[in-house]
Amino acid sequence: MQTDIDPRSLIGRKAFDRNGTKIGTIDEVYLDDATGEPEWAAVRTGIFSRDAFVPLEPSKMVGDALHIPYDRKLIKDAPDFGVGRHLSPEQELQLYHHYRLDIASPDVESLPSDDTGGSGRGSRPGSGSRSGDKDFGKIAGSED
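Since the model is a prediction, treat every value here as computed from it, not as a measurement.

Side note on the packing of aromatic side chains
Link 1 in the chain: Tallied over the entire structure, the rule returns 5 aromatic pairs.
Link 2 in the chain: Ring centres 6.1 Å apart and planes at 50° place the aromatic pair Phe53 and Phe81 in the tilted group. Remark: Phe81 occurs in the loop between α1 (72-76) and α2 (89-98) and Phe53 occurs in strand β4 (residues 51-55); sequence separation between them is 28 residues.
Link 3 in the chain: Residue Phe53 is classed as buried on the basis of its relative accessible area of 0%.
Link 4 in the chain: Between Tyr70 and Tyr99, the ring centres sit 4.8 Å apart and the planes meet at 55°, which makes this aromatic pair tilted. Of the two residues, Tyr70 is situated in the loop between β6 (65-67) and α1 and Tyr99 in the loop between α2 and α3 (106-109); the sequence distance between them amounts to 29 residues.
Link 5 in the chain: Accessibility expressed as a relative area gives 3% for Tyr99, which makes it buried.
Link 6 in the chain: Connected via pairs of aromatic rings, a cluster forms that spans Trp40, Tyr70, Tyr96 and Tyr99.

Focus: the nonpolar core
Link 1 in the chain: Counting 27 residues, the largest nonpolar core has Ile26, Trp40, Phe53, Ile68, Ile75, Leu95 and Tyr99 as the members making the most contacts within it.
Link 2 in the chain: Per element, the largest residue contribution to this core is 5 residues, and it comes from strand β2 (residues 22-32).
Link 3 in the chain: If we ignore the near neighbours within four places in the chain, the residues touching Tyr99 are Trp40, Phe53, Val54, Pro55, Tyr70, Leu74, Ile75 and Ala78.

Thoughts on the confidence of the model for the protein
Link 1 in the chain: On average, residues of the protein score 77 in pLDDT, and 71% of them are at 70 or above.
Link 2 in the chain: The least confident element of the protein is α3, whose mean pLDDT is 39; the most confident is strand β1 (residues 14-16), at 97.
Link 3 in the chain: Per-residue pLDDT stays below 50 along residues 105-120; that stretch engages in 20 contacts with residues further than four places along the chain or on separate chains.
Link 4 in the chain: The low-confidence segment residues 127-144 (pLDDT under 50) makes 42 contacts with residues lying over four places distant or belonging to another chain.

Calculation criteria
- Residues numbered from 1 in each chain as written.
- Predicted model: local features only at pLDDT ≥ 70, side-chain atom pairs only at ≥ 80, totals over all residues.
- Heavy atoms only, no water.
- Phe/Tyr/Trp six-rings, centres within 6.5 Å; stacked < 30°, edge-to-face > 60°.
- Helix = DSSP H or I, 4+ residues; strand = E, 2+ residues; numbered from the N terminus.
- Buried < 20%, exposed > 50% of the residue type's maximum accessible area, 1.4 Å probe, protein only.
- Core = buried A, V, L, I, M, F, W, Y, C linked by side-chain atoms within 4.5 Å.
- Contact = heavy atoms within 4.5 Å.
- pLDDT = per-residue confidence, 0-100.

The structure is reproduced here in structure tokens:
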């Protein structure tokens, strides 16, 4: 998904649902493996809660906050894959289905299939302080 959101500026920003209700703070940004474009953000939904994955497209930056065009309940009910790890094509497909996003765009269909039957797309974390995985692309808030 193409987006005009700069992933380096997202870490630590607040995220709000479509009704203006605060969801949490952005922990990590995940990049599309094929394009390197920011595709998903992991939003920490509370002090002791998990991160919820949210799509960066069709989300919009409004001022200093990310506004996600979905209800808070849907966001909090998103599949939980943990953060800091590569999203497999199957996990990403689950997120697309959860948010009812169109996955039949030409850029997805033109990608080769991997041996697991997925699109070969996947997303890798593009930021955060974890550095044990080669697939990490460091963008913002990262440590060496």
